[in-house]
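Structure assessment
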Amino acid sequence: MKDKTFVIIGNSAAGLSCIEAIRENDKDSKIINISQEAHPPYSRCLLSYYLAGAIDKERLWVRSKDYYKDFNVEPLLKTEVASIDEKNKTVKVSGGRTINFDCLLFGAGGSAKKVDLKGIDKKGVFYLRTLDDADRIRAMLKCVKDVAVLGGGLIGLRAAYGLSRQGKKVHVIVKSSHVFSQILDFESADMIRQELVQNGIQIRTGLAAVEILGKEKCEGVLLDDGSRFECQLVIIGKGVSANIDLLKDKVKINEGIIVDDYLRTSQDFIYAAGDVAEGYDVLEGKPSVNAIWPAAVRQGKIAGFNISGQKTIYEGSCRMNSVDFFGIACISFGIVRPQGSEFEELIHGNLSKNIYRKIVLKNNRIVGGILVTDVEKHGVYMHLALQKIDISDIKDILVDEYFDFGKVIPLIKRQKDSFTRPEYQDANSTYTSIF
């Protein structure tokens, strides 16, 4: 049988996991890994720690220097994909090379959302998404005293934390009414906000920047209430957009690239995984883009199994985020700001200790939650949620301080077979759960 050629676009979590899964089943077929970045694989999750000076660059690498050789992969780094021809199964890359493929994994990840802002082209204005971004920011820090961070989400606040740890005076400008508006409710977000403020980070909510001031370089920011302040560095952290343009009009796309339970797109020889993939969300009960590292790893792995002939079902993912600023930790998952009478919220808070527990229920099953400071039990809640356990018998103690795994073991044993989506009855498929 003729060896095949597999093209993997992207060398982050999804792409690497796909390569490794393919090699479990197929040692000989050609694998070409294309990345527009010049660097070997690294962790974006650690960039804020690198920016803070807490770790050096060597800690960012997620694979060994011999990774591509060990897995018999041809790397094309610092290489742009110019076009994908789905009819002829070819990929054209920068430099003019055309690559024929039998199967393709699209794991191109996301890019920082661009903003239309007067003065954005001035020296000292950055997005923070890549290692090159972080290096350019670090190179400026000796000349910087004040920093403006535009955006109160994960990217913005992690950047603010990192630069604060470098001794910079940081101003965070948030258009929403509270920080982390996409992943937390007001009460938990305000706990994080207070901790950041107490550690010297200024946060102003309900405001937006309208202009970056200065001549050739950044000298300050003008806000929509007319106020302004001086700064020499601006970080724009307005979120991430999936890099899906190369597959527009070639496969079905909604918020992300629509995939089935095998991570196939509407073209059965093109797979998608990671931040670009819109697959089933097991807690929301509908398709969603869950742009988190663990989901990308698992999706890449399942795609790799299927690409290499091991038919394997991916059951789905769920939203989950975690942060830790100045010793206050927070984890959220699933639906955290429910809309509708079918939801129920169980809440316990201790403001003096910065403790907050919120569990969201639907039909007496956990569909989301937020934990601040006391986060050790998140695994218990996640297990109950993902297994679709009916928690009626323990609802009254679910957010108690002394709630633990021992109190749910009887429930799990009684309901251990409670959740399997009915379509997973294909006897020819391997069932790979996220549980």
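Residues numbered from 1 in each chain as written. Predicted model: local features only at pLDDT ≥ 70, side-chain atom pairs only at ≥ 80, totals over all residues. Heavy atoms only, no water.

1. Description of the domain arrangement of the protein chain
Stated precisely, the cut-off is as follows: Domains are outlined according to an automatic or database domain assignment. Throughout, a residue-residue contact means that at least one pair of heavy atoms, one from each residue, lies within 4.5 Å. When two parts are brought into contact, each loses some accessible area as probed by a 1.4 Å sphere; the total of that loss over both is the buried area. Salt-bridge detection follows one rule: a side-chain nitrogen of Lys or Arg within 4 Å of a carboxyl oxygen of Asp or Glu.
Looking at the assigned domains, one finds that the protein chain contains domain 1 (5–110 + 247–307), domain 2 (125–236) and domain 3 (327–430). Taking the mean C-alpha position of each, domain 1 and domain 2 sit 31 Å from one another. Each partner contributes residues to the interface: domain 1 has 15 residues there, and domain 2 has 16 residues. When domain 1 packs against domain 2, the two sides together hide about 1,400 Å² of surface, and 61% of this comes from carbon and sulfur. For the interface between domain 1 and domain 2, the tally reads two salt bridges. Among the salt bridges present, the one from Asp275 reaches Arg129, with a minimum N-O distance of 3.3 Å.

2. So, the sheet that holds strand β5 (residues 90–93)
Going by this rule: At least two bridges found by DSSP between two strands are what make those strands a pair. Helix and strand labels come from DSSP, where a helix needs a run of H or I of at least four residues and a strand needs a run of E of at least two; each type is numbered from the N terminus. Axes here mean lines fitted to C-alpha atoms, for a helix over just the part in contact, with angles spanning 0 to 180 degrees between N-to-C directions.
Read from one edge of the open sheet, three strands run β4-β5-β6, paired in antiparallel fashion. Unpaired on one side and paired on the other, β4 (81–85) and β6 (98–100) mark the two borders of the sheet. Direction aside, neighbouring strands of the sheet carry axes that sit 20 degrees apart on average.

3. Considering the sheet that holds strand β2 (residues 30–34)
What the five strands build is an open sheet, ordered β3-β2-β1-β7-β19; its pairing is parallel. Every other strand in the sheet has two partners, leaving β3 (73–76) and β19 (270–272) as the edge strands with one partner each. Geometrically, the sheet is characterised by an average inter-axis angle of 20 degrees between neighbouring strands, direction not taken into account. Contacting β1 (5–9), β2, β3 and β7 (103–106), helix α1 (residues 13–25) crosses the sheet at an angle of about 160 degrees to β1.

4. Structural notes on the state of the cysteines
Counted only if it meets this: By convention in this document, the label disulfide applies to cysteine sulfur atom pairs within 2.5 Å.
According to the stated counting rule, one finds zero disulfides in the structure shown. This cysteine, Cys218, is not joined by any disulfide, and Cys231 carries the nearest cysteine sulfur, 3.8 Å off.

5. Quick word on the confidence of the model for the protein chain
To keep it simple, the criterion reads: A score from 0 to 100, pLDDT tells how confident the predictor is in each residue.
Per-residue confidence for the protein chain gives a mean pLDDT of 92, with 95% of residues at or over 70. Counting contacts from residues 431–435, a segment whose pLDDT is below 50, to residues more than four positions away or on other chains yields 21 contacts.

6. Observations concerning helix α8 (residues 378–386)
Our working definition: When a residue's accessible area, from a 1.4 Å probe over protein chains only, is under 20% of the maximum for its type it is buried; when over 50% it is exposed; and in between it is partly exposed.
For α8, the full list of buried residues reads Val380, Tyr381, Met382, Leu384, Ala385 and Leu386. Looking at the buried residues of α8, the elements they touch are β23 (320–325), β24 (328–334), β26 (355–362), β27 (365–372) and α9 (409–414).

7. Some remarks on the environment of Val367
Looking at where Val367 falls in the secondary structure, it is placed in strand β27. Considering only alpha carbons, one finds Val367 and Leu384, 17 residues apart in sequence, at a separation of 9.2 Å. For Val367, the residues in contact, after removing those within four places along its chain, are Leu283, Phe333, Gly334, Ile335, Phe343, Val360, Leu361 and Lys362.

8. Quick notes on the environment of Gln194
Looking at the secondary structure, you find Gln194 in helix α6 (residues 186–198). Note on Gln194: relative accessible area 36%, which makes it partly exposed. Distance in space between the C-alpha atoms of Gln194 and Ser12 is 34 Å, their sequence separation being 182 residues.

9. Observations concerning unusual backbone geometry
The backbone of Asn72 sits at a positive phi, close to 55 degrees, despite the residue not being glycine. With respect to the helices and strands, Asn72 occurs in the loop between α3 (67–70) and β3. Relative accessible area serves as the criterion here: at 45%, Asn72 is assigned to the partly exposed category. If you check the backbone angles, Asn364 has positive phi at about 60 degrees while not being a glycine. Structurally, the position occupied by Asn364 is in the loop between β26 and β27.

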